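Notes for the structure review
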Amino acid sequence: MTTTKRRHSLGRTGWLVIGMAAAALAGMTPAASAARDDGPTWGDCAGKDAPQDMRCAAIEVPVDWSRPDGAKITLKLARLAATEPGQRIGSVLGIPGGPGANGIDDLKLAAADLTDLRRRFDVVAYAPRTTVWRDRMPGVCRQPGTTLREPRDRKEYAALTTAMTKAFTACRDADRTGLFGRMDSLSAAMDMEAVREALGEERLSFMANSYGGVPAAAYARLFPQRIRAMYLDGTINQVNGWNDQTLRIYPAAEKVFARFTRWCAETSACALHGEDAGKVWRRLVRDADRRPIPVTSAEFGKGALTGWHLRSFGFIPDPGPENSRWLVFAEAVDKARHGDGSGFADFALGNARVWAMPGALAMSCGDDRGFTGYAELQAFRRKARKASPDFGTARFDGLGCAGWPLPVANPSRPLPVRGLPPFLGAGSTWGDLTVTESFTRLVPGSATVAYDGPGHSLYLSGKKCPIRHATRYLTDLTLPAPGTVCPAE
C-alpha cells in the first residue's frame with residue numbers, strides 16, 4: 001500500500017505479436033546497434049551532495065531499440081570506484097525502483113554502507129529512461145484522467161477505461177521525447193546491457209530494489225549469460241503477475257494489522273484503546289463504501305473517501321519511531337468514523353490522483369500492470385477480499401492502467417532460468433519478503449534472507465544484517481543458509 005506522503009511509487013495483445021517483439025529485442029545487442037568507443041568519459045559530478053570520490057558520465061541509447069539509428073536519449077551514470085583496485089572483481093550495477101527513481105540518488109544515499117563492497121567492486125548507478133521521462137514529460141501527462149475509485153459495475157469500469165484511454169492518448173500526442181510506450185522493462189534491460197557494454201565488463205553483478213525487480217527479470221530473460229550475481233532487495237516478481245503479487249502481500253498485511261490492534265489494546269494513548277480496533281476499522285470502511293466521507297485537502301482540493309480509498313491507502317504498516325505513525329492512524333480512524341476524514345485526505349486523494357496520471361502510469365503499464373477487463377477485476381476482487389478482510393480490494397495500479405492504448409510490451413510469463421546463477425533475495429517479514437521470495441524460488445539454488453521487522457529496500461535503509469549478507473554474496477558468491485533471519489534493527 002502506497003501513500004502520497006510516504007512514497008509515490010509512482011488491453012493485452014496477442015502472444016504472437018509479443019513474442020515477435022521480444023525476439024527482436026533479444027536479437028539486437030547494444031554492441032551492434034550503439035557504437036562504443038573506449039567507454040564513457042568520467043568526470044566530476046554536478047551537485048554538492050555527491051560523495052567526493054564519485055565520478056559521473058553519460059551514454060546515449062536509442063529511444064526505440066527496434067530503431068537503433070533513430071532518436072537517442074542520454075542516460076546519466078555515476079561510479080564509486082573500487083578502493084582496492086589490485087583485488088577488483090568487476091562492477092556492480094544498481095537497478096532503481098519506482099518506476100522513475102534515479103539510481104544515482106540511491107547511490108548517494110547508500111554510499112556510506114558500501115565500504116566493504118567497494119573494496120572489490122566499482123559500484124555503478126544510472127538514471128533510467130523512466131527518470132528521463134519523469135523530468136521531461138509534458139504537462140498534460142501530469143493531469144489525472146479521472147477521479148480514481150473502484151468501479152461498482154461494468155458500466156463504471158467502461159467509463160474508467162474510456163477516460164483513461166483519452167488521457168493516455170492526449171499524453172502520447174503531446175510527447176516530444178518518443179518515450180511514451182517505450183518505457184517497458186524489456187527496453188530498460190536493453191539500456192542496462194548498453195551500460196555493461198560501455199563499462200567494458202564481460203559480466204555484471206546487480207543490486208535491484210523494489211520495482212527494479214521488473215527490469216532485473218527482463219535482463220535475466222534477454223541476457224542470462226551476462227549476469228555474474230543478482231541481489232534482489234524487496235523486489236516485485238512481475239514474472240508471476242501483479243495479481244499474484246498482491247494476493248501474496250495481503251496475508252502479511254493482515255498479520256501486521258493484527259499487531260496494530262494488539263498494540264492499541266495495550267496502549268492507552270491509542271485513540272481506539274478500550275475498543276476492538278479491527279472491528280472499528282472494518283465498520284468505517286464498510287460505511288464509507290455506502291456513504292463516502294466528504295473531505296478537503298489543502299493540496300488536492302475536495303473529494304470523497306470511499307472504502308476503496310481507505311483499504312488502498314489508509315493503513316501504515318510501519319509503526320514509525322515510538323509507534324508515532326500508528327498513533328496518527330488510530331486518531332484518523334477515530335475522527336473519520338465521526339465524519340471527519342481529514343486524517344486520510346492528503347494521502348488518499350493524492351494517491352488516487354497519481355495513479356490516474358497517464359504520465360506516471362506510462363512508466364509501468366507496458367509491464368502488464370493492468371486488468372484485461374472487468375471479468376478479471378471481479379475475479380481478483382473476490383480473491384482479494386477472501387485473502388484480506390481488512391484491505392482486499394481492486395488494485396489501484398490495475399485500475400489506473402485501464403484503457404492503456406498500446407500492446408503490452410512485456411507480459412507476465414514464465415522466466416527461462418537455464419544458465420542463470422543463484423540469486424540472493426532479502427525482504428521484510430512485515431511486507432515484501434513473500435514477493436521477493438517468490439522471485440528467488442524461480443532460480444535454482446537461490447536463497448532469501450528474512451528481515452524480521454518493518455522496512456522496504458533494506459540496503460537503502462542501512463539495515464546492517466541484510467547488507468552484510470548481500471556484500472558477502474556479491475563478493476564471494478556465498479549464499480546464506482536456508483531460513484536465515486536478520487533481527488530488526
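Note: the structure precedes this text.
Given the structure is predicted, the values throughout are model-derived calculations rather than measurements.

Conventions we followed
Residues numbered from 1 in each chain as written. Predicted model: local features only at pLDDT ≥ 70, side-chain atom pairs only at ≥ 80, totals over all residues. Heavy atoms only, no water. Helix = DSSP H or I, 4+ residues; strand = E, 2+ residues; numbered from the N terminus. Rg over C-alpha atoms; globule rule 2.2 N^0.38 Å. Buried < 20%, exposed > 50% of the residue type's maximum accessible area, 1.4 Å probe, protein only. Areas by Shrake-Rupley, 256 points an atom, 1.4 Å probe, with all protein chains shown as cover. Lys, Arg positive; Asp, Glu negative; His and termini not counted. Charge placed at Lys NZ, Arg CZ, Asp CG, Glu CD. Axes fitted to C-alpha atoms, helices over the stretch in contact; angles between N-to-C directions. Parallel < 35°, antiparallel > 145°, perpendicular 65-115°, else oblique. Left-handed = near helix turned anticlockwise from the far one by under 90°. Contact = heavy atoms within 4.5 Å. Disulfide = S-S within 2.5 Å. Pairing = 2+ DSSP bridges. Polar contact = N/O pair within 3.5 Å; in protein donor to acceptor, adjacent residues only side chain to side chain. Phe/Tyr/Trp six-rings, centres within 6.5 Å; stacked < 30°, edge-to-face > 60°. Lys NZ or Arg CZ within 6 Å of the ring centre and 35° of its normal. Core = buried A, V, L, I, M, F, W, Y, C linked by side-chain atoms within 4.5 Å. Expected span 1.5 Å × (residues − 1). Arc of directions from axis to C-beta.

Section: the overall build of the protein chain
From N to C terminus, the protein chain includes 18 helices and twelve strands. Expected size for 489 residues packed as a compact globule is a radius of gyration near 23 Å; at 22 Å, the protein chain falls within 12% of this value. With the principal axes as the frame, the protein chain shows a C-alpha extent of 65 × 50 × 45 Å. For the protein chain, the residues scored as buried account for 56% of the 489 residues in total. Element-wise, carbon and sulfur atoms account for 50% of the exposed surface of the protein chain, whose accessible area totals about 20,300 Å². Taken as two groups, the 63 positive and 51 negative side-chain charges of the protein chain have centres that lie 5 Å from each other.

Section: the packing of helix 10 (residues 277–290) against helix 12 (residues 324–336)
Between helix 10 and helix 12, the least distance of the axes is 10 Å, while the angle of their chain directions is 50°. In terms of axis orientation, helix 10 runs oblique to helix 12. Crossing of helix 10 against helix 12: the hand is left-handed. Residues Val 280, Trp 281 and Leu 284 of helix 10 form the contact with helix 12, whose own contacting residues are Phe 329, Val 333 and Ala 336.

Quick look at the state of the cysteines
All chains considered together, the criterion is met by five disulfides. Linked covalently through their sulfurs, Cys 465 and Cys 486 form a disulfide whose S-S length is 2.0 Å. In this structure the cystine formed by Cys 465 and Cys 486 twists about its S-S bond by roughly -70°; its chirality is therefore left-handed. Separated by 21 residues along the polypeptide, Cys 465 in helix 18 (residues 464–476) and Cys 486 in strand 12 (residues 485–487) bring together distant segments of the chain. In terms of burial, Cys 465 and Cys 486 fall into one category: buried.

A closer look at the sheet that holds strand 7 (residues 227–233)
As summarised here, the arrangement of the ten strands in space is 1-2-3-5-4-6-7-10-11-12, forming an open sheet in which the pairing is mixed. Each of the sheet's edge strands pairs with one partner strand only, and the pair in question is strand 1 (43–44) and strand 12. Where strand 7 and strand 10 (residues 424–428) come together, three bridges link them in parallel fashion. Paired with Tyr 231 across the bridge in strand 10 is Leu 424.

Concerning the environment of Arg 119
By secondary structure assignment, the location of Arg 119 is in the loop between helix 4 (115–118) and strand 5 (121–126). Relative accessible area serves as the criterion here: at 35%, Arg 119 is assigned to the partly exposed category. Linking Arg 119 and Glu 84, residues 35 residues apart in sequence, is a C-alpha distance of 5.0 Å. Polar side-chain contacts of Arg 119 include one of 2.4 Å to the side chain of Asp 116.

Structural notes on the packing of aromatic side chains
Under the defined criterion, the tally for this structure stands at 31 aromatic pairs. Ring plane angle 90° and centroid distance 5.2 Å describe the contact between Phe 257 and Phe 315, whose orientation is recorded as edge-to-face. Of the two residues, Phe 257 is situated in helix 9 (residues 242–266) and Phe 315 in the loop between helix 11 (307–313) and helix 12; the sequence distance between them amounts to 58 residues. Pair check on accessibility: Phe 257 and Phe 315 agree, each one buried. Between Phe 260 and Trp 263, the aromatic rings sit 5.9 Å apart at their centres with planes inclined by 35°, giving tilted as the arrangement. Note that Phe 260 and Trp 263 are positioned in helix 9 at a spacing of three residues, about one turn of the helix. A residue is classified by how much of its surface remains accessible, and Trp 263, at 12% relative accessible area, is buried. A network of ring pairs unites the aromatic residues Phe 257, Phe 260, Trp 263, Trp 281, Phe 315, Trp 326, Phe 329, Phe 344, Phe 347, Phe 391 and Trp 430 as a single cluster. Its end group placed over the ring of Trp 242, Arg 369 keeps NZ or CZ at 4.4 Å from the ring centre. Arg 395 extends its terminal NZ or CZ atom over the ring of Phe 371, reaching a point 4.6 Å from the ring centre.

Thoughts on the nonpolar core
One finds Trp 133, Phe 206, Phe 260, Trp 281 and Phe 344 to be the most contacted residues of the largest nonpolar core, which totals 104 residues. Here this core takes eight residues from helix 7 (residues 185–199), the largest share from any one element. Once you skip the residues sitting within four places of it in the chain, Trp 281 turns out to touch Phe 257, Leu 310, Arg 311, Gly 314, Phe 329, Val 333, Phe 344, Asp 390 and Phe 391. Ranked by size, the runner-up nonpolar core spans 31 residues in total, among them Ala 50, Ile 104, Ala 111 and Leu 458.

Overview of helix 5 (residues 129–136)
Buried residues of helix 5: Arg 129, Thr 130, Thr 131, Val 132 and Trp 133, and no others. Here the buried face of helix 5 lies against strand 2 (54–62), strand 3 (72–80), helix 6 (154–174), helix 7 and helix 14 (358–361).

Some details on helix 15 (residues 374–387)
Look at helix 15: 20 Å from first C-alpha to last across 14 residues, which is about the 20 Å you get at 1.5 Å a residue. Residues Tyr 374, Leu 377, Phe 380, Arg 381 and Ala 384 constitute the buried set of helix 15. An end-on view of helix 15 places all buried positions within 120° of arc, on one side of the element. Facing away from the buried side of helix 15 by over 90 degrees, the exposed positions are Arg 382, Lys 383 and Lys 386. Buried residues belonging to helix 15 abut helix 6, helix 9 and helix 16 (396–400).

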